[in-house]
4 protein chains.
Amino acid sequence: MSSSSQPLIAIIAGVGPGTGAAVARKFSAAYPVVLMARNPDNYEDLVKEINGNGGKALGISTDVASSDSVKAAMEKVKGEFGEGVGCAAAIFNASGKFVRKPFLELTEDEFMAGYDVSGKGAFLFSRATLPLLLNSVDASKYPPSLIFTGATASFKGGAMMSSFSTGKFALRSLSQSLGREFGPKGVHVAHAVIDGVIDIPRTKEWMQGAGPDAKIRADAIAEAYWNLHVQHRSAFTNEIDIRPYVEKW
Amino acid sequence: MSSSSQPLIAIIAGVGPGTGAAVARKFSAAYPVVLMARNPDNYEDLVKEINGNGGKALGISTDVASSDSVKAAMEKVKGEFGEGVGCAAAIFNASGKFVRKPFLELTEDEFMAGYDVSGKGAFLFSRATLPLLLNSVDASKYPPSLIFTGATASFKGGAMMSSFSTGKFALRSLSQSLGREFGPKGVHVAHAVIDGVIDIPRTKEWMQGAGPDAKIRADAIAEAYWNLHVQHRSAFTNEIDIRPYVEKW
Amino acid sequence: MSSSSQPLIAIIAGVGPGTGAAVARKFSAAYPVVLMARNPDNYEDLVKEINGNGGKALGISTDVASSDSVKAAMEKVKGEFGEGVGCAAAIFNASGKFVRKPFLELTEDEFMAGYDVSGKGAFLFSRATLPLLLNSVDASKYPPSLIFTGATASFKGGAMMSSFSTGKFALRSLSQSLGREFGPKGVHVAHAVIDGVIDIPRTKEWMQGAGPDAKIRADAIAEAYWNLHVQHRSAFTNEIDIRPYVEKW
Amino acid sequence: MSSSSQPLIAIIAGVGPGTGAAVARKFSAAYPVVLMARNPDNYEDLVKEINGNGGKALGISTDVASSDSVKAAMEKVKGEFGEGVGCAAAIFNASGKFVRKPFLELTEDEFMAGYDVSGKGAFLFSRATLPLLLNSVDASKYPPSLIFTGATASFKGGAMMSSFSTGKFALRSLSQSLGREFGPKGVHVAHAVIDGVIDIPRTKEWMQGAGPDAKIRADAIAEAYWNLHVQHRSAFTNEIDIRPYVEKW
């Protein structure tokens, strides 16, 4: 049984320079945040930034596709925030490495890389965070939320995209299964289809000439995730799409 | 050419005791609101309430399925707010009368009633408001928004539901066509699938025993519509679903 | 109650040089066929061809969007084949005139043209043929079938396509509603998404250089419709897509 | 380069008492068939039956989720039919073991079981058969076909179904990716959504009282697969649904 004095945190997996970082900043205004990424380079500066701004952030090097790694990460979370820690929001933003090439040139490992993260990783992350989300239903001001980041490939299997899209389709399926099982228990499960290029340093040179705001601002995605989080339980959204106003779709 | 001193209003068609009224209240905190419904009974108290609370509301008896009626309504809007009035948000929440009965017992008029409002009515409303939305792109703090209210029947054609669902499918299609044409011009077009029973006086006795919050709170829908309205243009959502946490889907 | 000596016919609405004619030829090998089109030019040669080849065809000038016209057509059918005539297959292949232009330039009539045929027309045709389909369930070798021709626009609302796609979305919705209501009564309702250009005289100059078979052969569509018709009732297909092997989708 | 004297076979993975066996029987009327299943009990009688009826069948014990096993199976195929053997049809009908239970009780292995077959297995099978399908494009009377068996869970992620549906969503995605890549090369890729209970010995006691033909006849599925196989390349279907006339959907 949770109590109103239970500490509630947000956990974000897949923190990089785009969506993950923006979500972490946004949710850190309300909750201590745990940032997970394989490579500490992806969160170290952000952890400092948030802690320096009066928030609280904990970075944990985690491979979401590894059961042991996820378990160890959750041990660290409990070590830091207490055994009875609750979770107000868990956001799965990880994606596997992805090679676009002719199907017959894909190795088994390359094909599996997408599912490894988007399928198995999402399973492990959900299994680790759902108990904390469930035990926060009474304590949390807003319905505890489990949010998954999808992509165009979540509903369209493009040519030479099978490694990526099989994982993203699976992730979308998982968000529905969990929504149907855990919604009635008070946990809000949602899936966001990010249908466009995100504006991050790596995409700086892309889409030159497409005009202003042709790439998605990561903080606009974070805003959408926050708005999902604060939805009343009588009006849960399971799926939203997000794309730039100029996007062809 | 719009200017920053241009008055910007919100127009809501299909104001009744549920979504329409809640949306009107929500948007009236930011804009003068125009409330359209066939029957003045549906908006008169609300107009008084909003005007009494320091907002500004204008009710106009309108049949959205009638070209002449929509034209007359827009003349009244311009008479009240000026020829150059802009529109920050236009929300189409109207639905036709709907009879659930065996297909072979449907009259032509009964079958057409759904499309009359959800197809033709949505066309007339969009055609009337889009020029005002377009001329507000520069002046509006948030991207001018055209939002349509859908239903479960927007994506599932149930048995004995053809009158309702053909119109709702058509409406969803319209929201996509308009999103693809007017998104690049800066207007945000969105479609909300309301997948559940709304908590209004008429549904008070429904779903007894389903537990608290099993019916959708209209103000939660209004909140979602507002969140669509304030989305950054690099991150437009075209479609959201909204349903109670306990809903089967 | 139908008997095994009941005459069973096929009725095809929307007979032109492509799908309609091919379907008529295909089904005329098994059933007397009724061909409906507004303009007799669209069926006269075909009626002669089928009657000359040992089949039986009756052409009826019909406006499917007019209740009176559809009623008159069905009177002619009964005059020709008897009051108790049954229908083994009814195929709705009509489409309204369609103007692709900016939304704000559409007149009300232009917008309504799509729905007039794909919505109201499909309703009138279904209402007229379903009683004949129902009374043939016992007599027909194959489940009596009601098949609708859809298009890419049946599931995607493209920019400047709203007149066409609102009607096609509505038609798809109708096929689901009727499938759910009349499937359990033994009538097979199906919807075919024709996602590509059909190879007819009017499209002869289109897609030059796209290689052989880049346009859909109408007789291949007819083959697919026949295969839907002969499906066992334990294995009904409600929706198929049909597109050329080289099509982008 | 293939020649008209090239032997062409059909390969069916996932042969059990239902769809797989019916498909094998159907395709054995046109091609020598290779039957793959983990357990030889699943194909031995059928191999005898087909060989005894004047057809030709080869059973190979295969674990489609094992790269080595699939490779070994293809070696046997080439040993039997020659290095240059072509494939007119490859049908993937395998499904993993599946446990329906609360998400938080799923072990990692249980969760992965669905994807192991429907994701990795489908990848390995496609990679093994596509070269044979591609080299048969000129020699085969009908477009060489790669057909996948899906389920209701291919488009709906039900509560407590995540193990099964994540794999089935992934399989559907794969069928789209492969269709878009290999369609233009002349290979027909299709996905069949089997939305109902198949009538096999194991389901004999199910749905008592639902009336005749309430369970899908496996030979009706085989008929649908054959009809996909013989489609003209200008009119490929990528997806069909198959369900009993009485099914709720």
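Cut-offs and rules
- Residues numbered from 1 in each chain as written.
- Chains lettered and ligands numbered in written order.
- Predicted model: local features only at pLDDT ≥ 70, side-chain atom pairs only at ≥ 80, totals over all residues.
- Heavy atoms only, no water.
- Helix = DSSP H or I, 4+ residues; strand = E, 2+ residues; numbered from the N terminus.
- Rg over C-alpha atoms; globule rule 2.2 N^0.38 Å.
- Buried < 20%, exposed > 50% of the residue type's maximum accessible area, 1.4 Å probe, protein only.
- Least-squares fit on C-alpha atoms with pLDDT ≥ 70 in both.
- Contact = heavy atoms within 4.5 Å.
- Arc of directions from axis to C-beta.
- Buried area = accessible area lost by both parts, 1.4 Å probe.
- Salt bridge = Lys/Arg side-chain N within 4 Å of Asp/Glu carboxyl O.
- Polar contact = N/O pair within 3.5 Å; in protein donor to acceptor, adjacent residues only side chain to side chain.
- Nonpolar A, V, L, I, M, F, W, Y, C, P; charged D, E, K, R; others polar.
- Phe/Tyr/Trp six-rings, centres within 6.5 Å; stacked < 30°, edge-to-face > 60°.
- Lys NZ or Arg CZ within 6 Å of the ring centre and 35° of its normal.
- Axes fitted to C-alpha atoms, helices over the stretch in contact; angles between N-to-C directions.
- Left-handed = near helix turned anticlockwise from the far one by under 90°.
- Expected span 1.5 Å × (residues − 1).
- Pairing = 2+ DSSP bridges.
- Right-handed = clockwise from strand over helix to strand, strands pointing away.
- Parallel < 35°, antiparallel > 145°, perpendicular 65-115°, else oblique.

Draft legend 1. Highlighting the overall build of chain A. Scanning chain A from terminus to terminus reveals 6 helices and 7 strands. In chain A, the succession of helices and strands from N to C terminus is β-α-β-α-β-α-β-α-β-α-β-α-β. In terms of overall size, chain A behaves like a compact globule, its C-alpha atoms giving a radius of gyration of 18 Å where 249 residues would be expected to give roughly 18 Å. Reported as C-alpha extents along the three principal axes, the dimensions of chain A are approximately 55 × 40 × 40 Å. Counting over 249 residues, chain A shows a buried share of 61%.

Draft legend 2. Examining the relation of the copies chain C and chain D more closely. Expressed as a screw transformation, the operator carrying chain C onto chain D has a rotation angle of 180° and an axial translation of 0.0 Å, and the superposed copies differ by an RMSD of 0.0 Å. What the rotation and shift describe, once combined, is the action of a two-fold rotation axis. Taking C-alpha positions as reference, the residue of chain C nearest the rotation axis is Ile240 of chain C, located at 2.5 Å. Looking at the interface residues of chain C, 100% of them are also at the interface in chain D, so both copies use one shared face.

Draft legend 3. Quick look at helix α2 (residues 44-52) of chain C. Residue and element names in this part refer to chain C. Residues of α2 that are buried include every one of Leu46, Val47 and Ile50, and no others. Viewed along the axis of α2, the buried residues span an arc of 105°, placing them on a single side of the element. More than 90 degrees from the buried face of α2, the exposed residues found are Asp45, Lys48 and Gly52. Just past α2, the residue Gly54 takes up positive phi, approximately 90°.

Draft legend 4. Looking closely at the interface of chain A and chain D. Contacts between the two partners involve 40 residues from chain A and, on the opposite side, 40 residues from chain D. The junction of chain A with chain D conceals about 3300 Å² of combined surface from both sides, 68% of it contributed by carbon and sulfur atoms. The tally of links between chain A and chain D comes to 2 salt bridges. With its nearest N and O atoms 3.9 Å apart, the salt bridge here joins Glu108 of chain D to Lys120 of chain A. Where chain A packs against chain D, one counts 16 residue pairs in polar contact (both at pLDDT 80 or more). Among the elements that take part in the side of chain A that touches chain D, helix α5 (residues 162-182) of chain A stands out by supplying 14 residues, more than any other. Looking at the side of chain A that touches chain D residue by residue, the classes come out as 21 nonpolar, 12 polar and 7 charged.

Draft legend 5. Broad picture of the interface of chain C and chain D. On the chain D side, the residues contacting the 31 residues of chain C number 31 residues. With both chains or domains summed, chain C and chain D bury close to 2700 Å², and 52% of this area falls on carbon and sulfur atoms. In this assembly, chain C and chain D are joined by 2 salt bridges. For Arg233 of chain C, the salt bridge identified is with Asp213 of chain D, shortest N-O distance 2.7 Å. Listed by contribution, the elements that provide at least two residues to the side of chain C that touches chain D are α5 (162-182), α6 (218-229) and β7 (239-242) of chain C.

Draft legend 6. Structural context of the packing of aromatic side chains. Tallying each qualifying case throughout the model produces 38 aromatic pairs over all chains. The interplanar angle of 90° and the centroid separation of 6.3 Å between the aromatic rings of Phe182 of chain A and Phe103 of chain D together place this pair among those described as edge-to-face. On the criterion of chain membership, the pair formed by Phe182 of chain A in helix α5 and Phe103 of chain D in the loop between β4 (86-92) and α4 (108-134) is interchain, its members lying in two chains. For Phe182 of chain A, a relative accessible area of 2% gives the class buried. In textbook terms, an aromatic cluster arises when at least three aromatic residues are bridged by ring pairs, as seen for Phe27, Tyr31, Tyr142 and Trp226 of chain A. If you follow Arg180 of chain C out to its NZ or CZ, it ends over the ring of Trp249 of chain D, 3.8 Å from the centre.

Draft legend 7. Region of the structure containing the relation of the copies chain A and chain D. Overlaying chain A on chain D yields an RMSD of 0.0 Å, the required transformation being a rotation through 180° with an accompanying axial translation of 0.0 Å. Taken together, the interface assignments show that 100% of the residues at the interface of chain A recur at the interface of chain D, consistent with an identical surface on both copies.

Draft legend 8. Highlighting unusual backbone geometry. Of note in the backbone geometry, Met207 of chain A takes a positive phi value of approximately 55° without being a glycine. For Met207 of chain A, the position within the fold is in the loop between β6 (188-194) and α6 (218-229). With a phi close to 65°, Met160 of chain D is a non-glycine residue in the positive phi region. Within the secondary structure layout, Met160 of chain D lies in the loop between β5 (145-151) and α5 (162-182).

Draft legend 9. Summary view of the packing of helix α5 (residues 162-182) of chain B against α5 of chain C. It is at 8 Å that the axes of α5 of chain B and α5 of chain C come closest, and there the two elements cross at 145°. Relative to α5 of chain C, α5 of chain B is oriented so that their crossing is right-handed. The residues of α5 of chain C that touch α5 of chain B, namely those facing Ser162, Ser165, Thr166, Phe169, Ala170, Arg172, Ser173, Leu174, Gln176 and Ser177 of chain B, are Ser162, Ser165, Thr166, Phe169, Ala170, Arg172, Ser173, Leu174, Gln176 and Ser177 of chain C. For the contact of α5 of chain B with α5 of chain C, the class distribution of residues is 6 nonpolar, 12 polar and 2 charged.

Draft legend 10. Representation of helix α3 (residues 67-81) of chain B in the model. In this model α3 of chain B runs 21 Å from its N-terminal to its C-terminal C-alpha over 15 residues, within 8% of the 21 Å that 1.5 Å per residue would give. Within α3 of chain B the residues assigned to the buried category are Ser67, Ser69, Val70, Ala73, Met74, Val77 and Phe81 of chain B. Across the axial projection of α3 of chain B, the buried residues extend over an arc of 165°, all falling on one side. The outward face of α3 of chain B, more than 90 degrees from its buried face, is lined by the exposed residues Asp68, Lys71, Glu75 and Gly79 of chain B. Its buried side turned inward, α3 of chain B meets β1 (8-13), β2 (33-37), β3 (57-61) and α4 (108-134) of chain B together with α4 (108-134) of chain C. Where α3 of chain B ends, the next residue or the one after it, Gly82 of chain B, has phi of about 100°, a positive value.

Draft legend 11. Region of the structure containing the pairing of strand β3 (residues 57-61) of chain C. Residues and elements named next belong to chain C. The pairing of strand β2 (residues 33-37) with β3 spans 5 bridges and is parallel. Note that in β3 the partner of Leu35 across the bridge is Gly59. Traced from β2 through α2 to β3, the parallel crossover comes out right-handed.

Draft legend 12. Geometry of the packing of α4 of chain C against α5 of chain C. Residues and elements named next belong to chain C. Close contact between α4 and α5 brings their axes to 7 Å; oriented N to C, the two are set at 20°. Taken as axis vectors, α4 and α5 run roughly parallel relative to one another. As for the relative orientation of α4 and α5, their crossing is right-handed in sense. Residues Glu110, Phe111, Gly114, Tyr115, Ser118, Ala122, Phe123, Ser126, Leu130 and Leu134 of α4 pack against Ser162, Ser163, Thr166, Gly167, Lys168, Ala170, Leu171, Leu174, Leu178 and Phe182 of α5. Here the contact of α4 with α5 is composed, by residue class, of 11 nonpolar, 7 polar and 2 charged.

Draft legend 13. Fine view of the pairing of strand β5 (residues 145-151) of chain B. Residues and elements named next belong to chain B. Counting buried residues along β5, 7 of its 7 residues qualify, which places the element largely inside the surrounding structure. By the bridge criterion, 4 bridges tie strand β4 (residues 86-92) to β5 in an arrangement that is parallel. Each bridged residue has a counterpart across the sheet, and for Ala89 the counterpart in β5 is Ser145. Relative to strand β6 (residues 188-194), β5 is paired through 7 bridges, and the arrangement is parallel. Within the sheet, the bridge partner assigned to Leu146 lies in β6 and is Val189. Crossover handedness for the path β5 to α5 to β6: right-handed.

Draft legend 14. Main features of the side chain of Asn93 of chain B. Residues and elements named next belong to chain B. Looking at where Asn93 falls in the secondary structure, it is placed in the loop between β4 and α4. A polar atom in the side chain of Asn93 sits 2.8 Å from the backbone oxygen of Gly14. Residues contacting Asn93, with those up to four places away along its chain left out, are Ala13, Gly14, Thr19, Gly20 and Thr149.

Draft legend 15. Quick peek at the environment of Lys204 of chain D. Mapped onto the elements, Lys204 of chain D comes out in the loop between β6 (188-194) and α6 (218-229). Sequence separation between Lys204 of chain D and Lys215 of chain D is 11 residues, and the spatial gap between their C-alpha atoms is 9.4 Å.

Draft legend 16. Structural detail: the pattern of salt bridges. Following the criterion strictly, the structure yields 44 salt bridges over all chains and no others. Between Lys26 of chain A and Glu223 of chain A there is a salt bridge; the shortest N-O distance is 3.1 Å. One end of the pair, Lys26 of chain A, is in helix α1 (residues 19-28); the other, Glu223 of chain A, is in helix α6, and 197 residues separate them in sequence. Residue classification places Lys26 of chain A among the partly exposed positions, given a relative accessible area of 27%. On the basis of relative accessibility, which here comes to 35%, the residue Glu223 of chain A falls in the partly exposed class. A salt bridge links Lys120 of chain B to Asp116 of chain B; the shortest N-O distance between them is 3.8 Å. Here Lys120 of chain B pairs with Asp116 of chain B, and both are found in helix α4, just 4 residues apart, close to one helical turn.

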